[in-house]
Amino acid sequence: MTHHLKFSLHEEAGTLALGVSLARVLVPGLAIYLRGELGAGKTTLARALLHAAGHQGHVKSPTYTLCEPYALTLNGQPVELFHFDLYRMKSAEEFVDAGFRDHFNGANICIVEWPENGGTLLPQPDITLVLTASGTGRQIELSALTDKGTQCLKRLDFAPNL
Ligand SMILES: Nc1ncnc2c1ncn2[C@@H]1O[C@H](COP(=O)(O)OP(=O)(O)OP(=O)(O)O)[C@@H](O)[C@H]1O
Ligand SMILES: [Mg+2]
């Protein structure tokens, strides 16, 4: 069962609005991979999602730390969310030794920028999001790769401002 959606995101506000909509369909254990060139808007989307999911502090890009943890409450349940940026990951050992692989455990939510750098270290995601430049704005394609991801995308309520 697959589910596929495509939207135009005009200006940053469009990306922020999609982040808010995605926050509403999060479930424990979800793995979302964010693909797209440098500056495509991956962190912008993750930031909006985290704030809409109730994180009140700063959301910094995990550019150098590779991973930033967040403690969220979803429907009254505590859930940990790990935001990765693997752009600067140097080796598989670095990832494994830091315990990052253990975060993909079916309970935590994992959002990964530059998953292509994780290669075979990463499990298959539930959802992939691909951002591409389109004029001054962006296009985004959302694909569910598992039943869990499909259920989430079916619940997604997003009407981009055209
Ligand atoms: N829909 C959009 N239209 C125009 N600009 C956007 C849109 N979404 C995000 N941006 C802008 O794109 C810029 C880069 O965004 P961001 O840092 O989120 O990219 P990134 O994909 O995380 O890059 P990196 O690969 O370097 O981590 C920001 O200035 C942001 O405001
Ligand atoms: Mg980024």
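On a predicted model such as this, the values are computed, not experimentally measured, just so you know. (Residues numbered from 1 in each chain as written. Chains lettered and ligands numbered in written order. Predicted model: local features only at pLDDT ≥ 70, side-chain atom pairs only at ≥ 80, totals over all residues. Heavy atoms only, no water.)

Participant: So what exactly am I meant to see when it comes to the pattern of salt bridges here?
Facilitator: Side chains that differ in sign of charge can pair as their charged atoms come close. If you walk through the whole model with that rule in mind, you get two salt bridges. Across the pair Glu116 and Arg35 runs a salt bridge whose closest N-O atoms are separated by 3.8 Å. With Glu116 in the loop between strand S5 (109–113) and strand S6 (127–134) and Arg35 in strand S2 (residues 31–35), this residue pair connects regions lying 81 residues apart in the sequence. The exposure class of Glu116 is partly exposed, given its relative accessible area of 38%. (Salt bridge = Lys/Arg side-chain N within 4 Å of Asp/Glu carboxyl O. Helix = DSSP H or I, 4+ residues; strand = E, 2+ residues; numbered from the N terminus. Buried < 20%, exposed > 50% of the residue type's maximum accessible area, 1.4 Å probe, protein only.)

Participant: Honestly, the sheet that holds strand S3 (residues 67–74) in this entry has me stumped. Any pointers?
Facilitator: Backbone hydrogen bonds hold the strands of a sheet together, and the pairing may be parallel or antiparallel. Reading across the sheet, the seven strands line up as S1-S7-S6-S2-S5-S4-S3 and stay open at both edges, with mixed pairing between neighbours. One side of each edge strand has no neighbouring strand; the edge strands of this open sheet are strand S1 (3–9) and S3. Mean inter-strand twist for the sheet, computed between neighbouring axes without regard to direction, equals 15°. Relative to strand S7 (residues 137–144), S1 runs antiparallel, the two sharing seven bridges. Opposite Leu5, over in S7, you have Leu142 as the bridge partner. Running at roughly 145° to S1, helix H1 (residues 11–23) makes contact with S1, S6 and S7 of the sheet. In the packing of helix H2 (residues 42–52) onto the sheet, the strands contacted are S2, S3, strand S4 (77–85), S5, S6 and S7, and the crossing angle to S4 comes to about 170°. (Pairing = 2+ DSSP bridges. Axes fitted to C-alpha atoms, helices over the stretch in contact; angles between N-to-C directions. Contact = heavy atoms within 4.5 Å.)

Participant: How should the packing of aromatic side chains be read in this particular structure?
Facilitator: To describe a pair of aromatic rings, one takes the distance between the centres and the angle between the planes. One pass over the full model with this rule turns up six aromatic pairs. With centroids separated by 4.8 Å and ring planes inclined at 75°, the aromatic side chains of Phe7 and Phe158 adopt a geometry described as edge-to-face. Here Phe7 is found in strand S1, whereas its partner Phe158 is found in the segment after helix H4 (147–155), with 151 residues between them in sequence. Phe158 shares its class with Phe7; the two are buried. Cluster of aromatic residues (ring-pair linked, three or more members): Phe84, Phe95, Phe100 and Phe104. (Phe/Tyr/Trp six-rings, centres within 6.5 Å; stacked < 30°, edge-to-face > 60°.)

Participant: What's the story with H1 in this structure? I'm lost.
Facilitator: Here H1 spans 19 Å end to end across 13 residues, near enough to the 18 Å set by a 1.5 Å rise per residue. Tucked into the core, H1 has its buried residues touching S1, H2, S6 and S7. (Expected span 1.5 Å × (residues − 1).)

Participant: Help me understand the environment of Glu11 in this model?
Facilitator: Relative to the assigned elements, Glu11 resides in helix H1. Put simply, Glu11 and Thr136 are 125 residues apart on the chain and 7.1 Å apart in space, counted from C-alpha to C-alpha.

Participant: Hey, could you run me through the pairing of S2 in this one?
Facilitator: Along any regular strand the residues' side chains alternate between the sheet's two faces. Burial runs high along S2: four of the five residues are buried. Of the pairings in the sheet, the one linking S2 to S6 comprises four bridges and is parallel in character. Bridge assignment links Tyr33 to a residue of S6, and that residue is Thr128.

Participant: Teacher, can you tell me more about the site of ligand 1 here?
Facilitator: With respect to spatial proximity, 18 residues lie near ligand 1, and among them Glu12, Thr15, Lys42, Thr43 and Thr44 are the closest. The separation between an oxygen atom of ligand 1 and a polar side-chain atom of Thr44 is 2.6 Å. The fraction of the free accessible surface of ligand 1 (650 Å²) that becomes covered by protein chains is 74%. A per-class count over the shell around ligand 1 returns four nonpolar, seven polar and seven charged. (Near = heavy atom within 4 Å. Polar contact = N/O pair within 3.5 Å; in protein donor to acceptor, adjacent residues only side chain to side chain. Areas by Shrake-Rupley, 256 points an atom, 1.4 Å probe, with all protein chains shown as cover. Nonpolar A, V, L, I, M, F, W, Y, C, P; charged D, E, K, R; others polar.)

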